[in-house]
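Structure assessment
Each chain is listed here by its residues.
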Amino acid sequence: MTSHHVTAPSATSSPACPVHLTPEQVEDPHAAYADFRSRDGLPQVVLPGLTTPARLITRYADVKAALAEPRLVRDRSAVPGGSEAGDPQAELLEAAFEGFPAEYVRYISGHLALFDGEEHARLRAPLTRAFTARRVADLRPFVERTAEELLRGLKGNHGADLLGEFAHPLATAVICELVGVEEADRERVCAWIHDFAYGDGSRTVEGLVGIVDHVRDLIARRRAEPAGDLISALIEGDRGRGEPLTDDELISVVFLLISTGITPPALFLAHGFLALFDHPHQLALLRGEPALLERAVPELLRHVSVVRIGASMYATEEFEFAGTLLKKGETVTVALLAANHDPREYGEAPEGLDITREFGRGDGHLAFGHGAHYCLGAALGRLMTSVALDRVLVRRPDTALAVDRGELEFGHWPGDGFHLLRLPVRL
C-alpha cells in the first residue's frame, strides 16, 4: 500500500480546540473542508448533534489510505487494552436508539460495517458469493419495468414527488426482488424502513420491529422452501463452507441489505436529479447525448456523495498518519464528500458537475468506500441510477422542478448534513 504518512518531525499530537461542525458545513464539499485539507495534520471535529470529538480525514489520498489501514479498526473492542477516549459512534447509536428493545438493537449493532478482519470476512463471504454480478445484471429488466410502471402512475401529475413516489418505491421494489420479499409485502416493508430510517421519529421502534420480525419469518420460510432469491442463496451457500451463519447473523445481514438498499439509494437518486436540475447545461448535454449516461453515473456519485461521513474507526496502537500522531484508541473518521471534491484529485474546479469527466481505473471516486468494507451493492446502485436517469430525465425531456429551488424542504440527520424530504417535479 502506498504510504501517505508524513515524516515524524512534522507530526502533531496535541489537539487544538475541536471544531464543532454544523450540518451546513458537513454537506458543503468546500467550506470547512478546504481549510482542513490545507492543514499539515488532521483536525479534531465534533459532528452535528454530538459532543465527542474525532480526527477528521478529508484529503482523497488520505481517506483511501485510511480505509485500507489495518491499524484503524471499526470494532472498538478490538483496541488492545481498550480505550478510555470518548466514542462518537457510541454516542450516535445511543441517541438514535434510546428506548429500543434490546433484543432488536442487537441486529443493528451486528452491522457488517462494525466488524473487522476475520470476523468481518466470515460474515461478508456468504453475501459476496450470493451477491453476484450475474444476479445483479439479471435484475435490469425488472428495474426498467418497475421504473416505467411507477412513472406511468405519476403521468399527468404536475406535483409528483420523485423521492417519495418514485425513488423510494423503486429502491424498495428492487432490493425486495433481489432479497426475496414477496410483492404483496413490499409496501409494508417500504413503510417500515421509512419509519425506521426516514420518518419523524414517532414510529422508529415500530419500523425496526416490523422489518426484523418479517425478515426472521422470511428466513424460516426459505429454510423450509428455498427459492431463487438471495436469502435462499445465503442459506444454501452456508452448507459445506465452514461455520454457517446463525439465524441472528442472517437476520442482521438481511436487515442490513434491506435498510441500506432502500433509504441511501433513494436519497442519492433524489439528490442526483436535483444536481442535474441545478446544472441545466449538464442536463441538456445528457439529454442530447444519452450515451453520456455511462460517465454521468460515476460523476453524480462523486458529486453528490450521499454518505458524507464514514463510520468511526479506532487506532489499535500509537502511530503516525497524515501528519498526525494518533494515540491508541483515538477515533478517526473519513469525510467521503470532502475526498470526492479534493482538487488534488479532481483538478481546479472539483465543485463543478461534469458528466463528460473521464475517470481512471476503478470507480474514480470513494462514494462506495474502499477496501474490505467496499459497498456490496455498488453494482446494483450503478444499475438503478442509470435506469432512473434514463427513464426520468432522458426519455422525459420535460421533467423539471415544480417549485422554486428555495422552496425545497430538507431534514437534518445527527452527525450528518441535510437531506431532501421530497422532490416535487412536473413530468
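A brief report on the enclosed structure follows.

The rules we used
Residues numbered from 1 in each chain as written. Predicted model: local features only at pLDDT ≥ 70, side-chain atom pairs only at ≥ 80, totals over all residues. Heavy atoms only, no water. Helix = DSSP H or I, 4+ residues; strand = E, 2+ residues; numbered from the N terminus. Rg over C-alpha atoms; globule rule 2.2 N^0.38 Å. Buried < 20%, exposed > 50% of the residue type's maximum accessible area, 1.4 Å probe, protein only. Contact = heavy atoms within 4.5 Å. Areas by Shrake-Rupley, 256 points an atom, 1.4 Å probe, with all protein chains shown as cover. Pairing = 2+ DSSP bridges. Axes fitted to C-alpha atoms, helices over the stretch in contact; angles between N-to-C directions. Parallel < 35°, antiparallel > 145°, perpendicular 65-115°, else oblique. Phe/Tyr/Trp six-rings, centres within 6.5 Å; stacked < 30°, edge-to-face > 60°. Lys NZ or Arg CZ within 6 Å of the ring centre and 35° of its normal. Salt bridge = Lys/Arg side-chain N within 4 Å of Asp/Glu carboxyl O. Expected span 1.5 Å × (residues − 1). Left-handed = near helix turned anticlockwise from the far one by under 90°. Nonpolar A, V, L, I, M, F, W, Y, C, P; charged D, E, K, R; others polar. Core = buried A, V, L, I, M, F, W, Y, C linked by side-chain atoms within 4.5 Å.

Thoughts on the overall build of the protein
The helix and strand tally for the protein stands at 19 helices and 13 strands. For 427 residues, the compact-globule estimate of 2.2 N^0.38 gives 22 Å, and the protein sits close to it at 21 Å. By principal-axis analysis of the C-alpha atoms, the protein measures approximately 65 × 55 × 40 Å. Here the protein holds 427 residues, and 53% of them are scored as buried. A separation threshold of at least 6 residues defines the contact pool for the protein, and within that pool the share at least 24 residues apart is 75%. Taken as a whole, the protein presents about 18,600 Å² of accessible surface, with 52% of it coming from carbon and sulfur.

Considering the sheet that holds strand E13 (residues 424–426)
Read across the open sheet, the three strands follow the order E5-E13-E10; overall the sheet is antiparallel. Each having just a single partner strand, strand E5 (160–161) and strand E10 (400–401) make up the two edges of the open sheet. In terms of strand pairing, E5 meets E13 through two bridges, oriented antiparallel. The residue bridging Ala-160 from the neighbouring strand is Val-425, located in E13.

Describing the packing of helix H14 (residues 263–278) against helix H16 (residues 293–304)
Where H14 contacts H16, the axes come no closer than 10 Å and their chain directions differ by 100°. Taken together, H14 and H16 sit at an angle that is classed as roughly perpendicular. Residues Phe-268, His-271, Gly-272, Ala-275 and Leu-276 of H14 lie in contact with H16, whose contacting residues are Leu-300, Leu-301, His-303 and Val-304.

Regarding the pairing of strand E3 (residues 54–57)
Summarising the sheet, strand E2 (residues 44–46) and E3 pair through two bridges and their orientation is antiparallel. Paired with Gln-44 across the strands is Arg-55, a residue of E3. Across three bridges, E3 lies against strand E9 (residues 331–334) in parallel orientation. In the sheet register, Arg-55 faces E9, and the bridge partner there is Val-332.

Concerning the side chain of Thr-331
Tracing the sequence through the fold places Thr-331 in strand E9. Those residues in contact with Thr-331 that lie beyond four places of it in its chain are Ala-54, Arg-55, Gly-86, Pro-88, Ser-312, Met-313 and Tyr-314.

Quick look at the packing of aromatic side chains
With the rule as written, the count across this model stands at four aromatic pairs. For the pair Phe-196 and Phe-255, a centre-to-centre distance of 5.5 Å together with 70° between the ring planes defines the contact as edge-to-face. Within this pair, whereas Phe-196 is found in helix H10 (residues 186–197), its partner Phe-255 is found in helix H13 (residues 247–260), the two being separated by 59 residues in sequence. Positioned over the ring face of Phe-319 is Arg-71, at 4.1 Å from the centre of the ring. The ring of Tyr-346 has Arg-302 lying over it, and the distance from NZ or CZ to the ring centre is 5.0 Å.

Side note on the pattern of salt bridges
For the structure shown, the criterion picks out 31 salt bridges. The salt bridge partner of Asp-138 is Arg-134, with a shortest N-O separation of 3.2 Å. On the basis of relative accessibility, which here comes to 47%, the residue Asp-138 falls in the partly exposed class. By relative accessible area, which is 62% here, Arg-134 ends up exposed. A salt bridge links Arg-391 to Glu-148; its shortest N-O distance comes to 3.3 Å.

Here's the deal with the sheet that holds E9
Here six strands make up an open sheet; going across it, the order is E1-E2-E3-E9-E6-E4 and the pairing mixed. In the strand order of this sheet, the two ends are held by strand E1 (19–20) and strand E4 (72–73), each with one partner. In terms of strand pairing, E1 meets E2 through two bridges, oriented parallel. Note on E2: the bridge partner recorded for His-20 is Val-46.

Quick notes on the environment of His-30
Within the fold, His-30 resides in the loop between helix H1 (23–27) and helix H2 (31–38). Separated by 227 residues in the primary sequence, His-30 and Leu-257 have C-alpha atoms spaced 32 Å apart. Apart from the residues lying within four places of it in its own chain, the contact partners of His-30 are His-341 and Glu-351.

A word on H13
Helical geometry note: an α-helix holds 3.6 residues per turn, so side chains three or four residues apart project in the same direction. Its 14 residues place the ends of H13 20 Å apart at the C-alpha level, agreeing with the 20 Å of an ideal helix rising 1.5 Å per residue. Along H13, eleven of the 14 residues are buried, which leaves the element largely enclosed by surrounding structure. Within the span of H13, buried status applies to Glu-249, Leu-250, Ile-251, Ser-252, Val-253, Val-254, Phe-255, Leu-256, Leu-257, Ile-258 and Ser-259.

Focus: the packing of H10 against helix H11 (residues 204–224)
Between two packed helices, both the angle of their axes relative to each other and the distance between the axes serve to describe the pair. Here H10 crosses H11 at 140°, and the two axes come no closer than 7 Å. As judged from the angle between their axes, H10 and H11 are oblique. Considering the relative orientation of H10 and H11, their crossing is left-handed. Side by side, H10 and H11 meet where Arg-188, Val-189, Trp-192, Ile-193, Asp-195 and Phe-196 of the first sit next to Thr-204, Glu-206, Gly-207, Leu-208, Gly-210, Ile-211 and His-214 of the second. Split into classes, the residues belonging to the contact of H10 with H11 amount to six nonpolar, four polar and three charged.

Comments concerning the pairing of E9
The alternating pattern of E9 places Thr-331 and Thr-333 and Val-332 and Val-334 on opposite faces, both of which are buried. Pairing between strand E6 (residues 313–315) and E9: two bridges, direction antiparallel. In the strand pairing of E9, Met-313 is matched with Val-332.

Focus: the nonpolar core
Ranked by internal contacts, the top residues of the largest apolar core, which has 94 residues, are Phe-166, Ile-258, Phe-273 and Leu-423. For this core, the element with the highest residue contribution is helix H9 (residues 163–179), accounting for eleven residues. Ignoring anything within four residues of it in the chain, the contact list for Ile-258 reads Ile-175, Val-179, Val-181, Val-189, Ile-193, Ile-211 and Val-215. Ala-65, Ala-66, Met-313 and Tyr-346 belong to the second largest nonpolar core, which has 20 residues in total.

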